[in-house]
Amino acid sequence: MGYLFLAIALMAGCIKGFCGKKISGKVNSLKGVFYINTIRMVLCTVIGFFIVMSGNITGIKVDSYTLLITAVSGIATALFIASWILCVRKGAYVMIDVFLMMGVGVTVVLCKIFFNEDITLYHGIGFLLLLFGSFVMCSYSSNIKGEFTLKSLVMLIFCGLCNGLADFSQKWFIKAIPDGSIAVFNFYTYVFAALTLMVFFAVTHKFEKSENDGKSFNIFLVICVMAASLFAYSYFKTMAAKDIDSAILYPLSSGSAIVLSAIMASTFFGEKITKKCVAGILVTIAALLIMNLQNM
């Protein structure tokens, strides 16, 4: 069932990515971007609240340990979003996928240390190939803006680490509270993410006066779809974490997402797939097959 849940999560992730691409050029201000993401987190919180309350009206009550795990998950998610936004604005967008894949490595290592999950030679070889495939796919992009600086590098590393910590929190919850509600975990994750992003929005709102802040009805409708798909993505990915080891789940999720994003960009937005992109896709697919050899 784990792979089925992961497939559903990846489909939801594609919808989320499609919507993000649709509105990417309509909001240019930092304030507007934080506004959109804050609204998205609030909507995810609302979705989670209704799901939790539909199952058990007392399910919203959790202990302090669950709150700790979800606080780490939510804050890491918000910091990932914020650092991702800053990376894009600093011109480091082309390298984000590479550093996110490095963040996956952090997740896998933490799960090995804390939960003693297996890391085999196949996993190691496959992960190195995934890194290489990600780099090849990123290098074909011609959308590099600005100069790659030390500040950009630090921000990219931070972005990858935050994403890795958010993924680790899923496994932490599954291992620490095996009978816990996935809906509750995701609800509180988005509560903490929304609160953290509200702080970022308040700061940018104070110092940035741009009118292009994303406050239109059409954009709001797209944000609603993004929120629903984001909640589905994280919900089913957490469900998959119950059945799939971290050394397979998170590299498989990230690698598949990169390939699907390239295909989506070509199919729906007319972005040309170059030879480098095809080579990166083939290396990524080969890496994923190698990592799953022992399960075949």
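The coordinates are above.
Figured I'd write up the structure that's included with this text.

Rules used throughout
Residues numbered from 1 in each chain as written. Predicted model: local features only at pLDDT ≥ 70, side-chain atom pairs only at ≥ 80, totals over all residues. Heavy atoms only, no water. Helix = DSSP H or I, 4+ residues; strand = E, 2+ residues; numbered from the N terminus. Expected span 1.5 Å × (residues − 1). Buried < 20%, exposed > 50% of the residue type's maximum accessible area, 1.4 Å probe, protein only. Patch = residues over 30% accessible without salt bridge, like charges linked within 9 Å, V, L, I, M, F, W, Y side chains within 5 Å. Areas by Shrake-Rupley, 256 points an atom, 1.4 Å probe, with all protein chains shown as cover. Salt bridge = Lys/Arg side-chain N within 4 Å of Asp/Glu carboxyl O. Core = buried A, V, L, I, M, F, W, Y, C linked by side-chain atoms within 4.5 Å. Contact = heavy atoms within 4.5 Å.

## Some points on helix α1 (residues 2–23)
Logical step 1: Taking 1.5 Å of rise per residue, the 22 residues of α1 would be expected to cover 32 Å, and the 32 Å separating its terminal C-alpha atoms lies within 8% of that figure.
Logical step 2: Listed as buried for α1 are Gly 2, Phe 5, Leu 6, Ala 9, Leu 10, Ala 12, Gly 13, Cys 19 and Ile 23.

## Thoughts on a nonpolar patch on the surface
Logical step 1: Taken together, the side chains of Val 46, Phe 49 and Phe 50 make up a nonpolar region of the molecular surface, amounting to roughly 280 Å² of accessible area.
Logical step 2: Positionally, Phe 49 belongs in helix α2 (residues 30–55).

## Things to note about the nonpolar core
Logical step 1: Core analysis: the largest hydrophobic core is formed by 36 residues, its most contacted members being Met 101, Phe 173 and Leu 249.
Logical step 2: Broken down by secondary-structure element, the contributors of at least two residues to this core are α1, α4 (96–115), α5 (121–139), α6 (150–176), α7 (182–207), α8 (217–241), α9 (246–269) and α10 (275–291).
Logical step 3: If we ignore the near neighbours within four places in the chain, the residues touching Leu 249 are Leu 6, Lys 237, Ala 240, Ala 241 and Ile 244.
Logical step 4: Counting residues in each nonpolar core, the second largest holds 34 residues, with Ile 81, Ala 82, Leu 156 and Phe 201 among its members.

## A few points about the environment of Leu 289
Logical step 1: Here Leu 289 shows up in helix α10.
Logical step 2: The exposure class assigned to Leu 289 is partly exposed, which follows from its relative accessible area of 46%.
Logical step 3: For Leu 289 and Gly 126, which are 163 residues apart along the polypeptide, the C-alpha to C-alpha distance reads 7.9 Å.

## Re unusual backbone geometry
Logical step 1: Its identity as a non-glycine residue notwithstanding, Asn 116 has a phi of 55°, on the positive side.
Logical step 2: As for its position among the elements, Asn 116 is in the loop between α4 and α5.
Logical step 3: Residue class for Asn 116 comes out exposed when judged on its relative accessible area of 56%.

## What about the pattern of salt bridges?
Logical step 1: The full count for this structure, using the stated rule, is three salt bridges.
Logical step 2: Of the charged contacts, one joins Lys 171 and Glu 117 as a salt bridge, the two residues approaching to 3.2 Å between their closest N and O atoms. Taken together, the residues Lys 171 in helix α6 and Glu 117 in the loop between α4 and α5 connect sequence positions 54 residues apart. Glu 117 matches Lys 171 in its accessibility class, with the two residues each being buried.
Logical step 3: Close ionic contact of Lys 175 with Glu 117 constitutes a salt bridge, the shortest N to O distance being 3.6 Å. Of the two residues, Lys 175 sits in helix α6 while Glu 117 sits in the loop between α4 and α5, which places them 58 residues apart along the sequence.
Logical step 4: On the accessibility criterion, Lys 175 (41% relative accessible area) is partly exposed.
Logical step 5: Through salt bridges with shared partners, a single network forms among Glu 117, Lys 171 and Lys 175.

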